[in-house]
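Structural overview
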Amino acid sequence: MGDTPGRGGAQRSCLKKPGLSENCERRPEGTTSTDSLAYGENLEEEEKNSAFTWEVKANNRTYNSQLKEKVFPCWQRKKYKGNIIHTAKYNFFSFLPLNLYEQFHRMSNLYFLFIIILQGIPEISTLPWFTLFAPFTCLLIIRATRDLADDIGRHRSDRTINNRPCQMLVGSSFLWRKWKDLCVGDLVCLHKDNIVPADVLLLASTEPSSLCYVETADIDGETNLKFRQAPMGTHQALTSERMMASFQGTVVCEEPNGQMHRFLGCLQWEGKKYSLDSGNILLRGCKIRNTDTCYGLVIYAGLDTKIMRNCGKIHLKRTKIDRLMNRLVILIFMSLVLISVALTLGFWDKVKELKAKHHYVSEKLMYSVPTESFFTFWGFLILLSVMVPMAMFVLTEFIYLGNSIFISWDRQMYYQPQDLPARARNTSLSDQLGQVAYIFSDKTGTLTQNTMTFRKCCINGLVYGPDEEETPPKENPYLWSKSADGKLLFQNARLLSAVRGNQDAMVREFWRLLALCHTVMVQEEDNQLSYQAASPDEEALVTAARNFGYVFAARTQDSITVTELGEERVYQVLAMMDFNSVRKRMSVLVRNPEGSIYLYTKGADTVIFDRLYKKGLTEGATEEALTSFAQQALRTLCLAYKQVDEDTYQEWCQRHQEASILLQNRAQALHQVYEEMEQNLQLLGATAIEDRLQDGILETIQCLKQGNIKVWVLTGDKQETAVNISFACQLLSEDMLILEEKEIVQILEAYWESNNNLLSGQGSLENRFPPQVKTAMVINGEFLDQLLPPLSKESQVLVGNVHVDGQEPGERRTDVRQARRTSLVWQTLGGQLRRPGLVPKNKHSNTRESPEARRERAFVELASRCQAVICCRVTPRQKALMVALVKKYQNVVTLAIGDGANDVNMIKTADIGVGLAGQEGMQVVQNSDYMLAQFHFLRRLLLVHGHWSYVRVCKFLRYFIYKTLASMMVQIWFAFYSGFSAQPLYEGWFLVLFNLLYTSLPVLYIGLFEQDVSAERSLELPQLYIAGQKDELFNYWVFLQAIAHGVATSLVNFFMTLCISQDTAGPLSDYQSFAVVVALSGLLSITMEVVLIIRYWTVLAALAIFLSICFYTATTWASQSSWLFTVSPKTFPFLYADRHVLSHPSTLLVVLLNVSLNSLLRLALPVIYQALQKPHSKEEETAEEIAAEPLPYLCRQSRARRSSYAFSHREGYADLITQGTGLRRSPGVNSNTPAGHTIPSRSRPRTRGRCHSWGGRGTHTVGRCPPRTRSPPPR
């Protein structure tokens, strides 16, 4: 939540709507809440374009419940939802059908189901139906159990949230109920530290003028306070519970939407209307702060609330390897069909030959030749179905589960302060952690701790930094000041000596300015001062001044009390010139106890230096200090002051009075008056505040960048703050060319005008963009809206099935503000894009692409060329849109990480969502795939666990495909010698147990424990991670290699054995002996391949191989025993086959020969391949490189110094103070608060007793010109 544009004129207090009265009140200037200021100039146009159809009557459930909305032509439902939320994917009735529907999106499952149906037909079945049905059922149950476990966690979270307690009005009193009991139109009572249960219209509070302070940490991750204010009518009238019970107001507003910072509506009550905006609304998820009690009316409940509208929907996430396997299953199935057709044709020919030569056996054929061929085709298809092994998919689930458990067990990702281990909430994405190319990160709470620390300062050209002492002082150096809190980490003995000496006027004015020029509120708790600031920056500065002896002690509407080195001084506040994003400064005009008038100003160096009286050596030294501060990524403010003579002040005060009562263009007039006063300043110095980064951020980001992972920052904060943090994180550097809005437009225009091609060719971004120039992009949400209008159909197609805007299917609502906004940027580009000659003509482009889609592609292409992209002031929907754009046009794996509820949509949209668990709440964690406690754990999650998982899964798949082909392709070769009769070569039990026992343990070891390098080496060499981004370890080429390797092994095993056994009467002369030798050769060749590919040898690896051989020996001995043969000769036909064959040494030599040839082939081919690759590599290295010419319009004048100004402050707090709106009355003054809710004395703000004659809203005494006197105000 940042600052807003300047304040406009008085705003209208009702909205035009057909059927509503046109009578409107004028809201006094000063009462307008801050969030509505951005819409002040365009309010009338919004009134005309908006359709306010959401009507809520307070304390009238009967009326609100009878309103219906049409869903289908013959079906209506209640218009207003209850406050129950459901973020889970399944319920009791939908789990089975929906989960099966999702599972059968995998082609492998459809394939297995098809084969099982074929196995159930006796005429064509070559294998019992249960041999595939049983493992297939287990596979479905395993996946369903995993999905159910994930969804149960969501149900528990929903149940916990829905059962939270809250006070709601029942009859004539507030009773404790649960959140799920709330309905639209109910009145709720909230207390300090309560979480707001729904989107609530603030009606009244115990604070002056019914202010309410909220913290939105669970929404946007920001911990600084924000204020909301009740309408004037309800603030003055609703002073008791009895009045609350009789309140019958009606709110007419816009339909529920996901725009977090926008609300427009109208309150109708007792014949009057009051305009409503986002400054009157308490959003669900906010926490009440510094407000004892407040009352509100529920406007939106449950899934209609803004935060739930921004949460999106849960989508099935699948990895790149999973999608590739989907395509490979289709490819394998088509190949099997072709092979089966070929073998069937061979069968047809053999049958004809058989009937011609042996007419006496034709009577045994039950069907005709075509019919037999038809059955044989399906028989071959069933027999070869093992080419897509069921065991591979079953073991994959255990491998995913195991790798997810290893993440939870990693002690180096355990965060001891909060007792939080890393946790994998989605167990099917572990391999994709090794393929991430883009990381989309929130800023506040994710990269930073949002904790401001006073680090350095420059006073009169002298820089004071922390003392560099090897041993810290034994006692706190600030204990000499009674009011010091002792929490200031900054220590400088030289500066402290200068302050205590009180001889340097510049040092004195420096700290005095920090104690006076701010909007901090002070309270006294247990005889200790407690500061409450809307900005963490201001709190850090005021706290620093407090520890240095300049203690901000109390404030009233027109005075500030400061204790300076033990002496209490009261300053009369003559004017406060508030901060905003345009002015980038704040000033306070005060009269000191001696009667002199001083102006104290703090702000950005870019605006302060332009308003200095002179620039000398001191100013030059301060600029050098600011340069140093900027290089250290510290947030800076410049401080300046001047003395104002009485006559000048009186003249200025008159102009200020006139400007403050204007009804039109008031903000511009006040800005001009402020500008006149803030001239000819004398520079005091500068402050440097550190927005503390999360631990290990720098090392993590640098390591990720070395791994070719791009980090984009998507934040709702303002641009200066985001850029400053990006420099601190080293995402941005001084030598980077930072592209802003103008440069982005120029680049895109130039490419379309000059090259007519965006994506390939000589004029493409890839070839023409200067590689030697590091670039970055800094944009904001408004520019993103203009560049990529989200309401266009093409933009909606961008996200495909990704539910970005939080709306329900079928809803077509238009954003009035964005529909009204016309993009001047694309008025020019859009016309150019529609010209026939400017349509991209390359293999990547789609000739049917709309101009909007081409502009999106161009923007993403440009952004992908940048080393970093910083998006500021973006909404949750815009965050999700950015992720969806990169996913669509770059076809890469994306990861989103955040800690606030505004990051949920982004996390759901990304391929991998990581939620940071912390003080902001657990909503983002409940919607994430992985939970971490700190951002720096992401380094180990990706580079170690992600890389290992990717290597393991790829090796597992390649080896499984190889061993399947190596063992099962002999069935095809055997068909040529069995009359194409679809007779199996192997013993039936060998086929059943081959994947279950004989080869499962080694392949399972590869999938769970294999490591190409150690964890330490993975972190030292992030470049190893690039292999996963490029899909080097498993792709179509690797798949073909595995097929070729498996086919070669099967050829050696089958034909070498056949050649040796041919025309001999030895031990290999019969069918069973031949089958045993081929099976044993295949099993040992596959085992030898495991020995060659395993790189991480442990006792488990040797044990897995040993047990596999033992399983084969034991089960073969049992299945070929005489006892089982006697029980069922058809089931166990291979009586003593292995024992007979292996008793001959010559047979063992055949097996040894087959295994040796296969191993030699495996070792020789990689060496030959590398030898052939070397000359080719040398030719590539000597190839002529085309130098890229830098684009002339990218060259900008370099600035001598980068401003590191960043100040998280919002406009409006100065008005609250100067009008007395934000100050509590002194004891004895009547307060319009509901009865029975008095404020405890321990938290009473410090105000001076003499000043309690001022009233509530609208009193504006600061702007009045006092008489021409220099007498100090009474003490």
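Residues numbered from 1 in each chain as written. Predicted model: local features only at pLDDT ≥ 70, side-chain atom pairs only at ≥ 80, totals over all residues. Heavy atoms only, no water.

Some details on the overall build of the protein
Across its full length, the protein holds 44 helices and 35 strands. Across the 1275 residues that make up the protein, the buried fraction comes to 58%. Within the protein, contacts between residues separated by at least 24 positions form 76% of all contacts whose residues are at least 6 apart in sequence. Accessible surface computed for the protein: about 53,700 Å², of which carbon and sulfur atoms make up 55%. (Helix = DSSP H or I, 4+ residues; strand = E, 2+ residues; numbered from the N terminus. Buried < 20%, exposed > 50% of the residue type's maximum accessible area, 1.4 Å probe, protein only. Contact = heavy atoms within 4.5 Å. Areas by Shrake-Rupley, 256 points an atom, 1.4 Å probe, with all protein chains shown as cover.)

Overview of the UniProt feature "active site" (unreviewed entry) in the protein
According to UniProt, the "active site" (unreviewed entry) feature falls on Asp442. Locating Asp442 in the fold gives a position in the loop between strand E17 (436–441) and strand E18 (448–459). In this structure Asp442 comes out as buried when scored by relative accessible area, which is 1%. (UniProt positions renumbered as here; feature names shortened; annotations may be inferred.)

Brief notes about the confidence of the model for the protein
Low pLDDT means the predicted atomic positions in that stretch should not be read closely. Of the residues in the protein, 78% reach a pLDDT of 70 or more, and the chain-wide mean stands at 78. The low-confidence segment residues 1177–1200, where pLDDT is below 50, has 23 contacts with residues more than four positions distant or belonging to other chains. (pLDDT = per-residue confidence, 0-100.)

As for the side chain of Arg512
Within the element layout of this structure, Arg512 appears in helix H14 (residues 505–516). Judged by relative accessible area, which is 8%, Arg512 ranks as buried. Reaching out from Arg512, the side chain makes a polar contact with the side chain of Glu509 at a distance of 3.0 Å. A polar atom in the side chain of Arg512 sits 3.0 Å from the side chain of Tyr571. Beyond its immediate chain neighbours, meaning those up to four positions away, Arg512 contacts Tyr550, Glu564, Arg569, Tyr571 and Tyr600. (Polar contact = N/O pair within 3.5 Å; in protein donor to acceptor, adjacent residues only side chain to side chain.)

Side note on the pairing of strand E26 (residues 597–603)
For E26, the buried fraction is high: 7 of the 7 residues fall into the buried class. The hairpin turn running from strand E25 (residues 585–591) into E26, its antiparallel successor, is 5 residues long, and Gly595 in that turn takes a positive phi close to 95°. Judged from the 7 bridges that link them, E26 and strand E27 (residues 635–644) form a sheet pairing that is antiparallel. By the bridge assignment, Gly603 is partnered in E27 with Cys638. (Pairing = 2+ DSSP bridges.)

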